[in-house]
Amino acid sequence: MSTTFEGSLVSPPDARYAIVAGRFNEAITRRLLEGAVEALGRHGADPDAVDVAWCPGAFEIPFVAHKMAGSGTYDAVICLGAVIRGATAHFDYVAGGSANGCQQAALDTGVPVLFGVLTVDSIEQAWERAGTKAGNKGAEAAAAAVEMVNLARQL
């Protein structure tokens, strides 16, 4: 007989969460952060068990996420930021580096690292994903963090 593992959207009472926020495009990131904190509370996380670390931008997020995930303090790390395409290839390097680095932090540490960094073509798309038309991607990343904490504890 096979076993099915599935996470719950109710935070374990002892779970601790880290949020890494990139300051570049800070107005958007703050909206993502507000959504993430609200969602964690809605899913039962203790507000005192949520720590936030601000770093310069999306490219620096993986370093901070790796340090926090590797500290042994957190059950999940939520990464938030906004990379908006410009006229140069810089977007590709920053967005790709941030995504790959966050994934590597999770694989290296065994701690779920959730990627809530917006990678968009315009400021309008960023605002839509920070709490207007397209919901709040920070809140979605936080809900996924709760689910992953529960799933990881089963594995």
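The coordinates are above.
Residues numbered from 1 in each chain as written. Predicted model: local features only at pLDDT ≥ 70, side-chain atom pairs only at ≥ 80, totals over all residues. Heavy atoms only, no water.

Participant: Explain the overall build of the protein chain here, please?
Facilitator: Helix and strand content of the protein chain: five helices and four strands. Counting helices and strands in the order they occur from the N terminus, the protein chain gives β-α-β-α-β-α-β-α-α. Taking 2.2 N^0.38 as the reference for a compact globule, 155 residues should give roughly 15 Å; the C-alpha atoms of the protein chain span a radius of gyration of 15 Å, in line with that estimate. Counting only residues that meet the buried cut, the protein chain has 45% of its 155 residues in that class. Residue pairs in contact within the protein chain that sit at least 24 positions apart in sequence constitute 81% of those at least 6 positions apart. (Helix = DSSP H or I, 4+ residues; strand = E, 2+ residues; numbered from the N terminus. Rg over C-alpha atoms; globule rule 2.2 N^0.38 Å. Buried < 20%, exposed > 50% of the residue type's maximum accessible area, 1.4 Å probe, protein only. Contact = heavy atoms within 4.5 Å.)

Participant: Explain the environment of T132 to me, please; I cannot follow it from the model alone.
Facilitator: With respect to the helices and strands, the residue T132 is situated in the loop between α4 (123-129) and α5 (137-154). For T132, a relative accessible area of 43% puts it in the partly exposed group.

Participant: Explanation requested: the pattern of salt bridges in the structure shown.
Facilitator: Between side chains of opposite charge, a pair can form when the charged atoms approach closely. Taken as a whole and judged by the stated rule, the model has 10 salt bridges. Here D14 and R153 are joined by a salt bridge, their closest N and O atoms 2.8 Å apart. Taken together, the positions of D14 in the segment before β1 (17-22) and R153 in helix α5 put the pair 139 residues apart, joining distant regions of the chain. Since its relative accessible area comes to 41%, R153 is described here as partly exposed. In this structure, R16 engages D51 in a salt bridge whose closest nitrogen and oxygen atoms are separated by 2.9 Å. With a gap of 35 residues between them, R16 in the segment before β1 and D51 in strand β2 (residues 50-55) connect regions that are remote in the sequence. When its relative accessible area of 25% is taken as the criterion, R16 is described as partly exposed. By relative accessible area, D51 is classed as partly exposed at 26%. A network of salt bridges, in which partner residues are shared, links D14, D75 and R153. (Salt bridge = Lys/Arg side-chain N within 4 Å of Asp/Glu carboxyl O.)

Participant: Sorry if this is basic, but what is going on with the side chain of S11 here?
Facilitator: Looking at where S11 falls in the secondary structure, it is placed in the segment before β1. At 2.8 Å, the side chain of S11 forms a polar contact with the side chain of Y17. Those residues in contact with S11 that lie beyond four places of it in its chain are Y17, H43, G44, A45 and V146. (Polar contact = N/O pair within 3.5 Å; in protein donor to acceptor, adjacent residues only side chain to side chain.)

Participant: Is there a simple way to think about the sheet that holds β1 in this case?
Facilitator: Working definition: the strands of a sheet are paired by backbone hydrogen bonds and lie parallel or antiparallel to each other. Ordered by their spatial adjacency, four strands build an open sheet running β2-β1-β3-β4, and the pairing between neighbours is parallel. With one partner strand each, in any of the chains shown, β2 and β4 (113-120) form the two edges of the open sheet. Neighbouring strand axes in the sheet, compared pairwise and without regard to direction, differ in orientation by 15 degrees on average. Across the face of the sheet, helix α3 (residues 90-109) comes into contact with β3 (76-84) and β4 while running at roughly 170 degrees to β4. (Pairing = 2+ DSSP bridges. Axes fitted to C-alpha atoms, helices over the stretch in contact; angles between N-to-C directions.)

Participant: Hey, could you run me through the packing of helix α1 (residues 26-42) against α5 in this one?
Facilitator: Pairs of packed helices are described in terms of their axes, by the angle between the two and the distance that separates them. Look at α1 against α5: their axes get within 6 Å of each other, and the N-to-C directions meet at 35 degrees. For the crossing formed where α1 meets α5, the hand is right-handed. Contacts from L32, G35, A36, A39 and L40 of α1 reach α5 at K137, G138, A139, A142 and V146. When its residues are assigned to classes, the contact of α1 with α5 shows seven nonpolar, two polar and one charged. (Left-handed = near helix turned anticlockwise from the far one by under 90°. Nonpolar A, V, L, I, M, F, W, Y, C, P; charged D, E, K, R; others polar.)

Participant: Is there a simple way to explain unusual backbone geometry in this structure?
Facilitator: The bulk of non-glycine residues show a negative phi, and the bulk of peptide bonds are trans. One non-glycine residue with positive phi stands out, namely N25, at about 60 degrees. Following the sequence through the fold, N25 ends up in the loop between β1 and α1.

Participant: What's the story with the pairing of β2 in this structure? I'm lost.
Facilitator: Remark: a regular strand shows side chains that alternate across the two faces of the sheet. Here β1 pairs with β2 via six bridges, running parallel. The residue bridging G22 from the neighbouring strand is C55, located in β2. Read as a crossover between parallel neighbours, the route from β1 over α1 to β2 is right-handed. (Right-handed = clockwise from strand over helix to strand, strands pointing away.)

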